[in-house]
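# Remarks on the overall topology
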Amino acid sequence: MHNKYIATPAGVFELQYFFSRGLQHAAGGASAPVAVRQLIRELIAVEPPTAPLSDAALARQLAQQGFRIARRTITKYRQALDIDPVDERRARGTRLAAAA
């Protein structure tokens, strides 16, 4: 799909702009990045507030579920989801625990 373009009312775009690459499972299948972002959101939602998961820990948990995904990709997806980094989540959790 390289070097192929489409003219739309919003402008001219490279065709690959409209397609996302699938993330490979260890079992050989693929998942959409949207599904992986949702998994990241769910893992962060259930993490203990005083011991949040780092991006590397999230990558390890996803690897246990069969997703081969780099820590830097986790970081990119977490930022796209507007989720704070681990140190900010940890500080917020510590403040909540101290207030209780």
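Residues numbered from 1 in each chain as written. Predicted model: local features only at pLDDT ≥ 70, side-chain atom pairs only at ≥ 80, totals over all residues. Heavy atoms only, no water.

For the chain, the count of helices and strands is four helices and four strands. Counting from the amino terminus, helix and strand elements in the chain follow one another as β-β-β-β-α-α-α-α. Going through the 100 residues of the chain one by one, you find that 28% of them count as buried. Excluding contacts between residues fewer than 6 apart, the proportion of contacts in the chain whose partners are at least 24 apart in sequence is 41%. (Helix = DSSP H or I, 4+ residues; strand = E, 2+ residues; numbered from the N terminus. Buried < 20%, exposed > 50% of the residue type's maximum accessible area, 1.4 Å probe, protein only. Contact = heavy atoms within 4.5 Å.)

Moving on to the packing of aromatic side chains. Tallied over the full model, the rule gives zero aromatic pairs. The positively charged end of Arg37 is found above the aromatic ring belonging to Tyr77, 4.9 Å away from the centroid. (Phe/Tyr/Trp six-rings, centres within 6.5 Å; stacked < 30°, edge-to-face > 60°. Lys NZ or Arg CZ within 6 Å of the ring centre and 35° of its normal.)

This part takes up the nonpolar core. The biggest cluster of nonpolar side chains holds 15 residues, and the ones touching the most others in it are Val36, Ile40, Leu58, Leu62, Ile69 and Ile74. Elements supplying a minimum of two residues to this core: helix 1 (33–45), helix 2 (55–64) and helix 3 (71–80). (Core = buried A, V, L, I, M, F, W, Y, C linked by side-chain atoms within 4.5 Å.)

Below, the discussion takes up the pattern of salt bridges. Any two side chains of opposite charge can pair, given that their charged atoms come close. A full pass over the atoms with the stated rule returns three salt bridges. A salt bridge links Arg78 to Asp55; its shortest N-O distance comes to 2.9 Å. A residue pair is termed long-range when its members are at least 10 positions apart, and Arg78 in helix 3 and Asp55 in helix 2 qualify at 23 residues. The class for Arg78 is buried, based on a relative accessible area of 5%. Given the relative accessible area of 13%, Asp55 is considered buried. (Salt bridge = Lys/Arg side-chain N within 4 Å of Asp/Glu carboxyl O.)

Here we take up the confidence of the model for the chain. Averaged over the chain, the pLDDT score is 83; the fraction of residues at 70 or greater is 79%. Within the chain, helix 2 carries the highest mean pLDDT (94), whereas strand 3 (residues 23–24) carries the lowest (56). (pLDDT = per-residue confidence, 0-100.)

Looking now at helix 3. Those residues of helix 3 that sit buried are Thr73, Ile74, Thr75, Tyr77 and Arg78. Asp82 sits one or two residues past helix 3 and shows a positive phi near 60°.

Now for the environment of Thr8. Here Thr8 shows up in strand 1 (residues 5–8). Residue Thr8 is classed as partly exposed on the basis of its relative accessible area, which comes to 26%. Here the side chain of Thr8 touches Gly11 through a polar contact of 2.7 Å, landing on its backbone oxygen. (Polar contact = N/O pair within 3.5 Å; in protein donor to acceptor, adjacent residues only side chain to side chain.)

Before going further, it helps to examine helix 2. Of all the residues in helix 2, the buried ones are Asp55, Ala57, Leu58, Ala59 and Leu62. Of the surrounding secondary structure, the elements contacted by the buried residues of helix 2 are helix 1 and helix 3. Positive phi shows up at Gly66, right after helix 2, with a value of about 100°.

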